[in-house]
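# Summary of structural features
Now for the letters of each chain:
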Amino acid sequence: MTIIATIVLLGVLIFVHELGHFAAAKSVGVEVQRFSIGLGPKVWGFTRGETEYVLSAIPLGGYVKMGGMDDEVMERIEGGPAAPTPKAPGPRDFDGKPLWARAWVISAGVIMNMLFAFATYAFVAGYWGTAHSESTQVGTVRAEMLPPGTESLAQIPLGAWIERVGDVEPAHWGEVAQSLFQAEGTTTLSGRDPAFSVTIDAPVAEGERALLAAAMSSWLEPVIGVVMPGGPAERGGLEAGDRVAAVDGRGVETWWDFQGEIYAREGVETTLEIVRDGRELTRIVTPERTVLSDPVAGEDRRVGAIGIRPADGEIVYEPLPLGDAVRYGWDQTIPVT
């Protein structure tokens, strides 16, 4: 199934990429002789108009063969003999087009990949939704990110459950963050276990409202979900499912406690006390340097990292309205690119 999934995934990405070259070539009048998914000898295909559409034997690439590309490299890709001596480019040959047209055709594959990524992110967010923790339990409050007028949020006890943000009774953490982002004027947050009630003056500027929504995170258990191959965690013998109990003798209750301890130990040999299948174990790791974007300072900062991700808690998915889905697609595509 992994092999099949890989072939399907590569097939989609290759098709989208080559479709960009194909459409761009057609748009500037370049003759397209072959549109191939895969490399090497043809396995199956058909001809429509001037173009032959084929599936080739090796599913690790693809190409669009255009007029004027009858060279040795192209023939070798197709699994055939070397081409005859090249001829002078004709009016519909790729090499016969002006520089701007050739640049457009060559760039169109990557442009199409980016557009496809944007469309996919936006569609998934609008149709299935974005993932949120089902819990409304407070795991951390980053006091340094709180805009003026919202400092009282730092008084919320960690582990408390948020029951109300203004007039909203959030059903999951996504609604907590959304309610904070959309809050206007004086807003009260209240909750239980232990009971609390704090009042803030919601900021007006969009950037400050985004910081406010990001300053609080839901409770996340200090359980390792993914261990990156070749990283300090794998070299130190950590495994997915391990629960971290202490870092250099300091107990941790949440993933955020654990993360903060690792961030502060770049290049320092660190002892982790973990629980695995009911057994208490000790493992040694040395966090390596990584760079994180700091939204408060507006610059990057260096921290320690060991190559892990947390285990997902209970997750809910909330579809976004069209406008928000488009914005989400853009916000995901740009940093990933």
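On a predicted model such as this, the values are computed, not experimentally measured, just so you know.

### Considerations on a nonpolar patch on the surface
A contiguous nonpolar patch, built from Met1, Ile4, Val8, Leu9, Val12, Leu13 and Phe116 and spanning about 680 Å² of accessible area, is present on the exposed surface. Top element by residues in the nonpolar patch is helix α1 (residues 2-27). It accounts for 5 residues. Here Met1 lies in the segment before α1.

### Observations concerning the environment of Arg302
Counting through the fold element by element, Arg302 comes out in strand β15 (residues 299-305). Given a relative accessible area of 52%, Arg302 falls into the exposed group. C-alpha separation for the pair Arg302 and Glu266, spaced 36 residues apart in sequence, amounts to 8.3 Å.

### Brief notes about the packing of helix α4 (residues 173-182) against helix α5 (residues 206-215)
Interaxial distance between α4 and α5 falls to 8 Å at its minimum, and their mutual angle equals 150°. Overall, the two elements α4 and α5 adopt an arrangement that is roughly antiparallel. In terms of crossing hand, the pair formed by α4 and α5 is right-handed. Residues Ala177, Leu180 and Phe181 of α4 touch α5, and the partners they reach there are Glu206, Arg209, Ala210, Leu212 and Ala213. Looking at the contact of α4 with α5 residue by residue, the classes come out as 6 nonpolar, no polar and 2 charged.

### Some details on the sheet that holds strand β5 (residues 161-165)
Hydrogen bonds between backbone atoms are what pair the strands of a sheet, whose relative direction is either parallel or antiparallel. With antiparallel pairing, 3 strands are arranged side by side in an open sheet as β5-β6-β7. Of all the strands in the sheet, just β5 and β7 (196-201) have a single pairing partner and so form its edges. Between one strand axis and the next, the sheet turns through 25° on average, direction left out of account. Two elements, β5 and strand β6 (residues 186-192), share 4 bridges in a ladder whose sense is antiparallel. Bridge pairing in β6 places Ile162 opposite Gly191. On top of the sheet, α4 reaches β5, β6 and β7; it is set at about 40° to β5, its chief contact.

The rules behind the values
- Residues numbered from 1 in each chain as written.
- Predicted model: local features only at pLDDT ≥ 70, side-chain atom pairs only at ≥ 80, totals over all residues.
- Heavy atoms only, no water.
- Patch = residues over 30% accessible without salt bridge, like charges linked within 9 Å, V, L, I, M, F, W, Y side chains within 5 Å.
- Areas by Shrake-Rupley, 256 points an atom, 1.4 Å probe, with all protein chains shown as cover.
- Salt bridge = Lys/Arg side-chain N within 4 Å of Asp/Glu carboxyl O.
- Helix = DSSP H or I, 4+ residues; strand = E, 2+ residues; numbered from the N terminus.
- Buried < 20%, exposed > 50% of the residue type's maximum accessible area, 1.4 Å probe, protein only.
- Axes fitted to C-alpha atoms, helices over the stretch in contact; angles between N-to-C directions.
- Parallel < 35°, antiparallel > 145°, perpendicular 65-115°, else oblique.
- Left-handed = near helix turned anticlockwise from the far one by under 90°.
- Contact = heavy atoms within 4.5 Å.
- Nonpolar A, V, L, I, M, F, W, Y, C, P; charged D, E, K, R; others polar.
- Pairing = 2+ DSSP bridges.

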